[in-house]
Amino acid sequence: MKAAEIRQTFLKFFESKGHQIVASSPVVPGDDPTLLFTNAGMNQFKDVFLGFDKRSYSRATTSQKCIRAGGKHNDLDNVGYTARHHTFFEMLGNFSFGDYFKKDAIAYAWELLTVNFGLPADKLWVTVYSEDDEAYEIWNKTVGVPAERIVRIGDNKGARYMSDNFWMMGDTGPCGPCTEIFYDHGPDVAGGPPGSAEQDGDRYIEIWNNVFMQFNRTEDGVMHPLPKPSVDTGMGLERLAAVLQHVHSNYEIDTFVNLLAAAKSAVDAAGGGDCDKDSPSLKVIADHIRACSFTVVDGVIPGNAGRGYVLRRIARRAIRHGYKLGARTPFFHKLVAALSAEMGEAYPELRQAQARVTEVLRVEEERFFQTIATGMEILEAALAKGGNVDGDTAFKLHDTYGFPVDLTADVCRERGVTVDEARFNELLEEQKNRARAAGKFKMAQGLAYSGVATEFHGYEHLVCETSKVTAIYVDGAQVDAAQAGDDAVIVLDHTPFYAESGGQAGDSGELRNGTTRVVVADTLKIQADVFGHHGQVVEGSVKVGDIFTARVDAERRAKTVRNHSATHLMHKALREVLGAHVQQKGSLVNAERTRFDFAHNAPMTAEQIKEIEAIVNAEILANAAATAKVMALDDAQKTGAMMLFGEKYGDNVRVLSIGSSKELCGGTHVKATGDIGLFKIVAEGGVAAGIRRVEAVTGENALAYLQSLEATVQAAAQTLKTSPADLEGRLHAVLDQIKSLEKELTAAKSKLASAQGDELMAQAVDVKGIKVLAARLEGADAKTLRETMDKLKDKLKTAAIVLAAVDGDKVQIAAGVTADSVGKVKAGELVNFVAQQVGGKGGGKPDMAMAGGTQPAGVAAALASVAGWVGERV
Ligand SMILES: Nc1ncnc2c1ncn2[C@@H]1O[C@H](COP(=O)(O)OP(=O)(O)OP(=O)(O)O)[C@@H](O)[C@H]1O
Ligand SMILES: [Zn+2]
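Owing to the predicted nature of the structure, the values given are computational and were not obtained by experimental measurement. Residue numbers here run from 1 along each chain, matching the order of that chain's written sequence. Written order determines the labels here, with chains lettered from A and ligands numbered from 1. Thresholds applied to this predicted model are a pLDDT of at least 70 for local features of residues and 80 or more for the giving and counting of side-chain atom pairs; totals over whole chains, interfaces and linings are not thresholded and use all residues. Note that the side-chain values use all heavy atoms of the structure and ignore hydrogens as well as water.

Q: How do you make sense of the pattern of salt bridges when you look at a structure like this?
A: Two side chains that carry opposite charge are able to pair once their charged atoms sit near each other. When a carboxyl oxygen of Asp or Glu is within 4 Å of a side-chain nitrogen of Lys or Arg, the pair counts as a salt bridge. Here the structure, examined in full by the defined rule, presents 45 salt bridges. With its nearest N and O atoms 3.6 Å apart, the salt bridge here joins Arg-317 to Asp-410. Here Arg-317, found in helix H8 (residues 306-324), pairs with Asp-410, found in helix H12 (residues 405-414); they are 93 residues apart in sequence, far enough to count as distant. Working definition: with a 1.4 Å probe on protein chains only, accessible area under 20% of the residue-type maximum means buried, over 50% means exposed, and in between means partly exposed. A residue is classified by how much of its surface remains accessible, and Arg-317, at 2% relative accessible area, is buried. In this structure Asp-410 comes out as buried when scored by relative accessible area, which is 4%. The salt bridge partner of Arg-362 is Glu-359, with a shortest N-O separation of 2.7 Å. With Arg-362 and Glu-359 both in helix H10 (residues 348-384) and 3 residues apart, this pair spans about one turn of that helix. A single salt-bridge network, built from bridges that share partners, covers Asp-77, Arg-313, Arg-317, Arg-320, Lys-324, Asp-406, Asp-410 and Glu-414. Numbering of helices and strands runs from the N terminus; a helix is a DSSP stretch of H or I covering at least four residues, while a strand is a stretch of E covering at least two.

Q: Where do I start with the side chain of Glu-238 in this structure?
A: Take Glu-238: it is sitting in helix H5 (residues 237-244). Polar contacts, as counted here, are pairs of nitrogen or oxygen atoms within 3.5 Å of one another; within protein the pair requires one atom able to donate a hydrogen and one able to accept it, and residues that are adjacent in sequence qualify only if both atoms are side-chain atoms. In this structure the side chain of Glu-238 is engaged in a polar contact, spanning 3.1 Å, whose partner is the backbone nitrogen of Glu-90. In what follows, a contact means two residues having at least one pair of non-hydrogen atoms within 4.5 Å. Each residue touching Glu-238, except ones within four places of it in the same chain, is listed here: His-86, Phe-89, Glu-90, Asn-250, Ile-253, Phe-256 and Arg-290.

Q: What is the right way to read the coordination of the zinc ion (ligand 2) from this model?
A: Reference values for coordination geometry: four tetrahedral donors around a metal ideally subtend 109.5 degrees, six octahedral donors ideally subtend 90 or 180 degrees. Those donors, His-564 (NE2), His-568 (NE2) and Cys-665 (SG), are the protein atoms that reach the zinc ion (ligand 2), and they lie 2.1 to 2.2 Å from it. As a rule, N, O and S atoms within 2.8 Å of a metal are its donors, except that Na, K and Ca use 3.2 Å; water is not among the atoms, so sites may look incomplete. Read N to C, the donor residues that coordinate the zinc ion (ligand 2) are spaced as H-x3-H-x96-C. Taken together, the positions of His-568 in helix H14 (residues 554-578) and Cys-665 in the loop between strand S25 (661-664) and strand S26 (679-688) put the pair 97 residues apart, joining distant regions of the chain. Given a relative accessible area of 3%, His-568 falls into the buried group.

Q: Can you walk me through the layout of surface pockets in this structure?
A: Any space left empty among the atoms is revealed by the rolling of a water-sized probe across them. Of the volumes computed, that of the second largest pocket is approximately 1100 Å³. Every definition here rests on a 1 Å grid over the protein atoms only: cavities are sets of points where a 1.4 Å probe fits but cannot get out, pockets are open sets enclosed by protein on both sides within 12 Å along at least five of seven lines, and lining residues have some atom within 4 Å of a point. Lining the second largest pocket are 41 residues, and of these Arg-68, His-85, Glu-180, Glu-206 and Arg-239 lie nearest its centre. Every element with two or more residues in the lining of the second largest pocket is listed here: strand S3 (88-96), strand S6 (166-168), strand S7 (173-184), strand S8 (204-217), strand S9 (223-236) and H5. Take the lining of the second largest pocket: its biggest share by element is 6 residues, from S8. Residues are sorted three ways: Asp, Glu, Lys and Arg are charged, Ala, Val, Leu, Ile, Met, Phe, Trp, Tyr, Cys and Pro are nonpolar, and all the rest, Gly among them, are polar. Grouping the constituent residues of the lining of the second largest pocket by class yields 17 nonpolar, 13 polar and 11 charged. Grid points are joined across faces, edges and corners, and a volume is the space filled by probe spheres set on the points.

Q: It is not clear to me how the sheet that holds S25 should be interpreted in this structure. Could you clarify?
A: Two strands make a pair as long as DSSP finds a minimum of two bridges between them. Here we have 3 strands laid out as an open sheet, ordered S23-S24-S25, and antiparallel in their pairing. What marks the edges here is a single partner per strand, and that holds for strand S23 (627-632) and S25. The mean inter-strand angle of the sheet, taken between neighbouring strand axes irrespective of direction, is 25 degrees. To define axes, lines are fitted to C-alpha atoms, for helices over the stretch in contact only, and angles between the resulting N-to-C directions are given on a 0 to 180 degree scale.

Q: Looking at this structure, I do not really get empty space enclosed by the protein. What am I missing?
A: As enumerated under the stated definition, the model contains 2 cavities of 30 Å³ or more in all. When its volume is computed, the second largest cavity comes out at roughly 30 Å³. Lining the second largest cavity are Arg-367, Gln-370, Leu-447, Ala-448, Tyr-473, Gly-476, Ala-477 and Gln-478. Only H10 and strand S12 (477-479) provide two or more residues apiece to the lining of the second largest cavity. The residue inventory of the lining of the second largest cavity, partitioned by class, reads 4 nonpolar, 3 polar and 1 charged.

Q: Can you walk me through the nonpolar core in this structure?
A: As a rule of thumb, soluble globular proteins bury nonpolar side chains together. Nonpolar cores are built from buried Ala, Val, Leu, Ile, Met, Phe, Trp, Tyr and Cys residues. Side-chain atoms within 4.5 Å join them into one set. Counting residues in hydrophobic clusters, the biggest one holds 114 residues, and the most contacted among them are Leu-113, Trp-139, Ile-181, Trp-208, Phe-331 and Phe-332. For this core, the element with the highest residue contribution is H10, accounting for 12 residues. Residues within four places of Ile-181 in sequence aside, it is in contact with Ala-109, Leu-113, Leu-124, Trp-125, Val-126, Trp-139, Ile-205, Glu-206, Ile-207 and Trp-208. Ranked by size, the runner-up nonpolar core spans 27 residues in total, among them Phe-598, Ala-626, Ile-658 and Val-694.

Q: What is the right way to look at the packing of helix H1 (residues 3-16) against H5 in this model?
A: Think of two packed helices as two axes; the pair is described by the angle between the axes and how far apart they sit. At their nearest, the axes of H1 and H5 sit 10 Å apart, and the two run at 110 degrees to each other. The angle between H1 and H5 falls in the class roughly perpendicular. Both H1 and H5 take part in a crossing whose hand is right-handed. Residue-level inspection shows Ala-3, Ile-6 and Arg-7 of H1 in contact with H5, the latter providing Leu-237, Leu-240, Ala-241 and Leu-244. Angles are sorted into four bins: roughly parallel if under 35 degrees, roughly antiparallel if over 145, roughly perpendicular if 65 to 115, and oblique for all others. By convention the crossing between two helices is left-handed if the near helix lies anticlockwise of the far one by an angle smaller than a right angle, and right-handed if it lies clockwise.

Q: Would you mind going over the sheet that holds strand S33 (residues 848-853) with me for this structure?
A: Adjacent strands of a sheet form backbone hydrogen bonds with each other and so pair up, either parallel or antiparallel. If you walk across this open sheet you meet the 6 strands as S28-S29-S30-S31-S33-S32, and the pairing is mixed. A strand with exactly one partner marks an edge of an open sheet, and here the two such strands are strand S28 (765-767) and strand S32 (842-844). Strand-to-strand twist of the sheet, defined as the mean angle between neighbouring strand axes without regard to direction, takes the value 20 degrees. As paired elements, strand S30 (residues 799-807) and strand S31 (residues 810-817) share 8 bridges and run antiparallel to each other. Its bridge partner lying in S31, Val-802 is registered against Ala-815. The strands touched by helix H20 (residues 827-836) are S30, S31, S32 and S33; relative to S31, the strand with the most contacts, the crossing angle is about 150 degrees.

Q: What exactly am I supposed to notice about the pairing of strand S20 (residues 547-552) here?
A: On any regular strand, side chains alternate: one points to one face of the sheet, the next to the other face. Of the two faces of S20, the one holding Phe-548, Ala-550 and Val-552 is buried and the one holding Ile-547, Thr-549 and Arg-551 is not buried anywhere. As judged from the 4 bridges shared by strand S11 (residues 463-474) and S20, these two strands associate in the antiparallel manner. Following the sheet pairing, Val-463 is matched in S20 by Arg-551. Of the strand pairs in this sheet, strand S16 (residues 509-513) and S20 are connected by 4 bridges, and their pairing is antiparallel. Bridge pairing in S20 places Gly-509 opposite Val-552.

Q: Would you take a moment to explain the site of ligand 1 for this structure?
A: Any residue with a heavy atom lying within 4 Å of a molecule or strand is counted as near it. In the vicinity of ligand 1 there are 17 residues, among which Asp-75, His-85, Glu-206, Asn-209 and Gly-236 approach most closely. Here an oxygen atom of ligand 1 sits 2.9 Å away from a polar atom, N or O, in the side chain of Arg-68. Side-chain polar atom of His-85 to an oxygen atom of ligand 1: 2.6 Å apart, as the coordinates give it. When ligand 1 sits alone it has 590 Å² of accessible area, and the protein chains cover 87% of it. Occupancy of a cavity or pocket is assigned to a molecule whenever over half of its atoms lie within 2 Å of that pocket's grid points. The site holding ligand 1 turns out to be the second largest pocket. At the level of secondary structure, the elements contributing two or more residues to the shell around ligand 1 comprise S3, S8 and S9. Looking at the shell around ligand 1 element by element, the count peaks at 4 residues for S8. Per-residue and other accessible areas were derived by the Shrake-Rupley procedure at a 1.4 Å probe size, with only the shown protein chains allowed to occlude residues.

Written out as structure tokens, the structure reads:
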């Protein structure tokens, strides 16, 4: 029976049992952020199980495209090593939404397998969840599976994931105990029955899982019962096909035969010669082309994060396996056609997208082929040293050569060694922190480059007339040419543009030749000595090999330089004023300002800030020349130049002397301190425990800052009808005046309220010996309400009182009961009774309570109801 026929038989069987045949959902779940890829047939019914969504049917059956290469269900590392795992596979499933439960589900499964598919009963084993006696009894008594082929699994109750026989879609979502059906492929294959120590072998293969959905697991780990117990099952089409086609491995079934042949000929044509047709690498490639193609069909493209990165990892892994077999040019994308021929009928969306999928994979493949050879050489060299591969090598492979760490691990596994992933992750984390600190994601990250390094001429010149283009990237892909309108990164053989580093922002400017003009917005390092000029081609076009005049935006550079040089002087001054413990923790210098983080435990005082400003500005006035000298690190140390603790320096370093400061620095600087013009600190604060941040401006920015402060002072003086010099005295006078006005106002308010209170007394009515007063107190705030209440209680003696005040659409209510009546009437209950009628609620003590409301229109009726309410209680 071919796979297509198996799929049909399954769906038709369940259709005959009243199930609706539903189409597969995409492999990219549309609206479920908890899920990277569709990993089971039940995914598209998640909300139905949870009771949030209703369908016209209560039974459904599907053949679902699934990907298990990330998240909770990840089989990427199994592919190539077991006979039964794919990254992409088809899951056949039947579902009951609060309709049938264990008994029918088990009976259907048994009938389909033993009757329709004709499997011998004695080759089938089942497992049940350890505590599920009900399922055990059904298998044993109703179906008649002998006890020796029923295994109870899952005793580790405390474990986070319970056990194998408790199925979960992810950390959250529908879940429940399950029963699994295994097929025994016979003694020729290694492996033991489920529950035994050898269960992970390939002899007893799980073909079908029936989950009894009973709970929804929420983020806090709590299992909430579902509205109705349901059934969710999943059977791997490829595994069932292997059984029915009497082969042991999934890779021997009909759908893989042509795909494997296509993989072999593509690899052979790309340099493999005549590779071994039984190589596990071909299986990996055949598996991965399915996962990659179906992912691209659903809109994913290779990238550095999320789904895009999973796709990239799968694709590059496949490419590496081809490389291992000898392929030296792109071959992988060529398999899309073979896949489409195989599966395009069952999944027409694949056929439709065939050209696009091929193109997307081709671009990714060409990109990786640029670096794979060098990367593999580095990896081979590391492996040749013997022992495990260190995290630094793995990181370099990842960072510079585009080797995802699991790819490196895959190679290591073939050689029986491992990768130091802990160290790798540490380095990755450090890199992320650096990128975060720089405040932006580098456009250039992940760009591969091999070619001449960029020579930097920007210390002496702001213009180079013969800069040659050595590489161009558009949308992250290397190209031969960029056209007008393209957002491009251009690498030059020499350049006056400073590339972002050491905290100094990259230069902007333009590249020009003949009719071509590129506006460069930023310059960044693709590698340590390869500069990417990032910007837009606004006129003409750029080709590799073109010669340009590269011109730095001189004004922006000058501003940046002033801020950078001032940073050095400030660093020195901070150490003078605060102490030698001051250590640079980070810095960011651009045309606007300098931001400097340093280790220090207390906020700087206003005095200290002034002192630092004075020191730096004195250095500026001295107008000392700045000099830079490149020398050996040892010699630099002897000069006493400041170095950053923990920073790795090369053998030769640049020592920058400016004023009384001497520091190692690769940045660009003023010619003499006087060029800085003026220095002003504008902000000081804490960023983390023991780390302070100071921000400062220089030159025209400092002037602009002071001018805007002056303008603010002038405007304030004008408003207060005085001069800036007298502003402070005038402000004190105004504040005193406000204070005395407030006093007068309070006195007037309470006088007014008590006058109102006196008038209200007359409105009190007698209810069985208690005086009941319910009235509005116009214009009162909470305090006045409370004060008036106290006075009224004093005067009325035996009383229950409600006072209400309306302000806009807010209602304030106070209820008070005199001490002799709290046994009968509680102020808390009274206030709540009234508040509920005006859209609020409240409560409080038996003698005094407050509440708020939102419906002023209901106040009159609410007050009118008070006497009746009290009457019922006395
Ligand atoms: N990676 C895979 N490749 C092919 N088929 C799979 C894969 N994962 C699961 N299946 C099939 O889907 C069915 C239901 O999925 P389930 O989540 O219960 O599998 P599983 O317990 O992860 O399988 P295994 O333990 O063998 O990895 C399985 O019984 C199997 O037939
Ligand atoms: Zn510097």
